[in-house]
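Coordinates in review
Given next are the chains, with one letter for each unit.
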Amino acid sequence: MSQLPLLLLIVYASVVLGAYSSSTDEAGSADASNSIGGTKCDKNPLSELTFQLSGSSLHWPCESTKNIYVQSGRYVPRNVIVTRAQLQRDSAFVALPRYKQGVPFTLGKVNLKKGECLTKIAPYPCWAIQEEGNCQALQSVVDIAVDPNGLLWALDVGIVNTLEQPIRRCSPKIVAINTANNKVVKSIDLSDLVTSESRLQFIVVDYSKDNKPFVYVADAGARSILVYDITGNKSYRIVLPKATAPTSDVLYVALTSKPDGTSTLFFSYLSSPRLYSIKGEYLRVGQGAGSIIDVGPKPYGKQAVLLGADGGTSLFFRYKGENDIYLWDSETCFKAANLQEVQRGGDCRLSTQVLPGHKRFMWALESNFHDFISDRTGCNGASIVLHPVVRECDD
C-alpha cells in the first residue's frame, strides 16, 4: 500500500454533465435543507487553508465592465459553478462550464494563499479567449489537466447552455496553454473523432516512456475513449465493449503511473457494476480489442464514483449518494478489504474530484451541484469549497 500523507487535502468539484446532454450521477441525493456554510457543513479544523469559490466573486477589469455584462445578461452570478480543478504550486486552475446562460468566462485561475477565504476567480489566461460564439476562443470547458511539463489541457465541448437550451457554438476541441507564459500553444479540433451520440466528459494526459504526450478523452455517449497522439498528430477511437456500459451515463476515467513509467487508465460508467482498465501502451497505438481488463466488481454492489488518482498507483472513490472517500492501491486486488477510508464526508456537498497538488497533499473539490442543476441554490448560487480535510479519529 502506498504511504498516505498525514493530512489529506481534498479539492472537490462536480462534473457529471457531458458535452451533449444533461446527466448527473445523483441529483438531489444530499439534503438541500442543511444550511450551507453552517457548522454542520463546514467542520474543517484547518480553516486557514479553506477556500470558498463563488460565482459572485469573480475578478473584473473594472466595475463598468461588470455592469455591462450584468445588464446584457452575460453575467448571472447564480449560474456560475466550478466543476473541475488542477493545482500548480499555490494556484488552482478551474473549469466553469457554460451549463447555463450568464457565465462570463469558462476557464479561470485562483490563488491559494492563507488569509483569502473567499478568493476571486480570474479568467485564464485572459478575457479575450473567453468570448462566446468565437470559435477561436473557449466556449465551454468541462475538464482540464495540467501535465508535468506545465501545459494545461482544456477540454472544450463547444456547446453552451447545456442545462437550459443547448446551443452548439463551435466544434469540440482541446486547447493547450503553457502555464509558464500563459500562451496558447496548440488547439486540436475533435470533429473527426466525435459522433452524433458523443458526450465528452473527462480528459487525462499521459506521457510515453520516451516522453511523448498523449491525450485521452472519455466519450460517454459514444462508449469510447478518444486518443490523440500530440507528437505524431494521430488520433484513435477505442470503442468499449457493450458489457462495460449498461447505460451511457457518466464515464469516469483516472490514470495511474508506476515509477518505471508504465501507465494504466482505469474507467467505469456510473451504472456499471464493474471497474475496467487498459494499459497506456495499448491506448497509444489504438489497440482496444483484447486489451481491456475486467478489474472486478464494485464493492458491496454499489454504484461508485471514481474521483481521481494520486499521481502514482492509488485511486480514490466514493459511493453514489455518500460522501466518504476511499483509497485503493491498484497494485492490490479490487475488493472492500483493500479500500481505506481517508475522509468522512459532510451532509451538504458532494465530493467529485480528488487530485494531488498544493503543499504536497491530496486535495478535493466539493459542491452542491445537485442543487445547482435543480435551480435550488438561491440567489448566491452553488456552494463550492476547496479545503483541507483532516482524517478524523474515532471518538
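Residues numbered from 1 in each chain as written. Predicted model: local features only at pLDDT ≥ 70, side-chain atom pairs only at ≥ 80, totals over all residues. Heavy atoms only, no water.

Some remarks on the sheet that holds strand E6 (residues 122-123)
Selection rule: Each pair of strands is called paired provided DSSP finds at least two bridges between the two strands. Strands are runs of DSSP state E lasting at least 2 residues, helices are runs of H or I lasting at least 4, and numbering of each runs from the N terminus.
Ordered by their spatial adjacency, 4 strands build an open sheet running E3-E4-E5-E6, and the pairing between neighbours is antiparallel. Because the sheet does not close on itself, it has two edges, and the strands there are strand E3 (84-88) and E6. Bridge analysis of E3 against strand E4 (residues 91-95) gives 5 bridges, and the strand direction is antiparallel. For Leu87, the partnering residue across the bridge sits in E4 and is Ala92.

Description of the state of the cysteines
Rules: Counting rule for disulfides: a pair of cysteine sulfur atoms within 2.5 Å.
Taken as a whole and judged by the stated rule, the model has 1 disulfide. Cys135 shares a disulfide with Cys170; S-S distance 2.1 Å. Disulfide Cys135 to Cys170: torsion about the S-S bond roughly -95 degrees, handedness left-handed. With Cys135 in the loop between E6 and strand E7 (141-146) and Cys170 in the loop between strand E10 (167-168) and strand E11 (173-178), the pair connects residues that are 35 residues apart, well separated along the chain.

A closer look at the sheet that holds E7
Test applied: Helix axes use the C-alpha atoms of the stretch in contact, all axes being lines fitted to C-alpha atoms, and the angles between their N-to-C directions lie in the range 0 to 180 degrees.
Strand order in this open sheet of 4 strands is E7-E8-E11-E12, and the pairing throughout is antiparallel. Two strands bound the open sheet, and with one partner strand each, they are E7 and strand E12 (183-189). Averaged over all pairs of adjacent strands, the angle between strand axes in this sheet comes to 20 degrees, irrespective of strand direction. For E11 and E12, the ladder comprises 6 bridges, and the chain directions are antiparallel. The partner of Asn178 across the bridge, within E12, is Lys183.

Quick word on the pattern of salt bridges
The condition that has to hold: Criterion for a salt bridge: a side-chain nitrogen of Lys or Arg within 4 Å of a carboxyl oxygen of Asp or Glu.
Scanning the entire structure with this criterion turns up 14 salt bridges. For Asp143, the salt bridge goes to Arg84, with nearest N and O atoms at 2.8 Å. Of the two residues, Asp143 is situated in strand E7 and Arg84 in strand E3; the sequence distance between them amounts to 59 residues. For the salt bridge of Asp371 with Arg376, the shortest nitrogen-to-oxygen distance reads 2.9 Å.

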